[in-house]
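Fold and geometry: a report
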Amino acid sequence: MNAQQLVDERGDLWLALAPLWLDREPSERDYARMVEVVERYDMTLNELEWMFRLEMAPVMSRHQLSIASEWRQFDDYKLMKQLVNHNMRLKGWRRKSWALFSGLTTMMVRHRWNALMNRIAVARGEQV
């Protein structure tokens, strides 16, 4: 898969979920927007979980750990470039390493992710 395919297939989803890592709690409007975008993708809750852990969290957690990071909003172009670069290399041992350490990279936003997953499950009429 090339970079443009990644952007076409995941770009909107990544950008919609990025506010989970901002320095403020997402509002109900933010969550509603995330649910709306997620529902356009044909992904199970389990697939969403692994996308969160492997495709997004390794990049997004670096923003949380960086002193120079922007916490109020993200530069969408710069963020998309970082996410694409990460996902282009996400194969073999890198994928396994991120899977192993995904608990560390997701722990700061896990409560927000769980709140989102609950909203998605309700919208789908599923149980979490």
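Residues numbered from 1 in each chain as written. Predicted model: local features only at pLDDT ≥ 70, side-chain atom pairs only at ≥ 80, totals over all residues. Heavy atoms only, no water.

A few words now on the side chain of Glu49. On the secondary structure map, Glu49 appears in helix α3 (residues 45-65). Polar side-chain contacts of Glu49 include one of 2.7 Å to the side chain of Arg53. Setting aside its immediate chain neighbours within four residues, Glu49 contacts Arg110 and Trp113. (Helix = DSSP H or I, 4+ residues; strand = E, 2+ residues; numbered from the N terminus. Polar contact = N/O pair within 3.5 Å; in protein donor to acceptor, adjacent residues only side chain to side chain. Contact = heavy atoms within 4.5 Å.)

Now for the packing of helix α2 (residues 28-38) against helix α7 (residues 110-124). The N-to-C vectors of α2 and α7 enclose an angle of 60°; their axes lie 10 Å apart at closest approach. Put simply, α2 runs oblique to α7. Remark: the crossing between α2 and α7 carries right-handed chirality. Contact residues: Glu28, Tyr31, Met34, Val35 and Val38 in α2; Arg112, Ala115, Leu116, Arg119, Ile120, Ala123 and Arg124 in α7. (Axes fitted to C-alpha atoms, helices over the stretch in contact; angles between N-to-C directions. Parallel < 35°, antiparallel > 145°, perpendicular 65-115°, else oblique. Left-handed = near helix turned anticlockwise from the far one by under 90°.)

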